Amino acid sequence: MTPAALRRACLAMPGATETFPFGPETSVFKVAGKIFALSPLRGEPPLRVSVKCEPGLAEQLRAGHPAITPGYHLNKRHWNTIVLDGSLPDAMVRDMIEDSYDLIVAKLPKATQRALGWTGG
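A short tour of the structure in this document, coming up. (Residues numbered from 1 in each chain as written. Predicted model: local features only at pLDDT ≥ 70, side-chain atom pairs only at ≥ 80, totals over all residues. Heavy atoms only, no water.)

## Quick word on the environment of Thr-81
Working step 1: With respect to the helices and strands, Thr-81 occurs in strand β6 (residues 79-84).
Working step 2: With near-sequence residues (within four places) excluded, Thr-81 lies in contact with Arg-48, Val-49, Ser-50, Ala-67, Ile-68, Thr-69, Pro-70, Gly-71 and Tyr-72.
Working step 3: Polar contacts involving the side chain of Thr-81 include one to the main-chain amide nitrogen of Tyr-72, which spans 2.9 Å. (Helix = DSSP H or I, 4+ residues; strand = E, 2+ residues; numbered from the N terminus. Contact = heavy atoms within 4.5 Å. Polar contact = N/O pair within 3.5 Å; in protein donor to acceptor, adjacent residues only side chain to side chain.)

## Here we look at helix α3 (residues 90-105)
Working step 1: With 16 residues, α3 ought to run about 22 Å at 1.5 Å a step, and its terminal C-alpha atoms sit 23 Å apart, in line with that.
Working step 2: Where α3 is concerned, the buried positions are Met-92, Val-93, Met-96, Ile-97, Ser-100, Tyr-101, Asp-102, Ile-104 and Val-105. (Expected span 1.5 Å × (residues − 1). Buried < 20%, exposed > 50% of the residue type's maximum accessible area, 1.4 Å probe, protein only.)

## What to know about the nonpolar core
Working step 1: One finds Leu-6 and Phe-36 to be the most contacted residues of the largest nonpolar core, which totals 34 residues.
Working step 2: Elements represented by at least two residues in this core include exactly α1 (3-11), β2 (27-31), β3 (34-39), β4 (47-52), α2 (55-64), β6 and α3.
Working step 3: Looking at which element gives the most residues to this core, the answer is α3, with 7 residues. (Core = buried A, V, L, I, M, F, W, Y, C linked by side-chain atoms within 4.5 Å.)

## Observations concerning the environment of Pro-46
Working step 1: Position of Pro-46 among the secondary structure elements: in the loop between β3 and β4.
Working step 2: In the structure, Pro-46 is positioned 74 residues away from Gly-120 in sequence and 33 Å away in space, judged by C-alpha atoms.

## Looking at the pairing of β3
Working step 1: Across 5 bridges, β2 lies against β3 in antiparallel orientation. Pairing of Ser-27 across the sheet is with Ser-39, part of β3.
Working step 2: Between β2 and β3, which pair antiparallel one after the other, the connecting turn spans 2 residues, and Ala-32 there sits at a positive phi close to 50°. (Pairing = 2+ DSSP bridges.)

This is the structure in structure tokens:
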């Protein structure tokens, strides 16, 4: 997955925005002001993205895939960092981005969920 494809995948989520609260080198993707993914898109290869994940699933993914590690500088129980080195299918990465988005939206007020067109992911 290229940086442009990663950006497109994140911004394809309803209501997603890209911000730079940690400086111009780190893209932070949010929905309703809450982070669901972050990546140094312009950083040194390999490309990486951090996403939120259910704790049990996060451990399973880490155990089964060397490219998935505990979230870098994040709550390691709830966040994974994925190295996009080609070892994981792009569809799997997109699924993890969508799962992260769904975890965030599920905690938003019902009115916000409805405004986003979210039906429970």
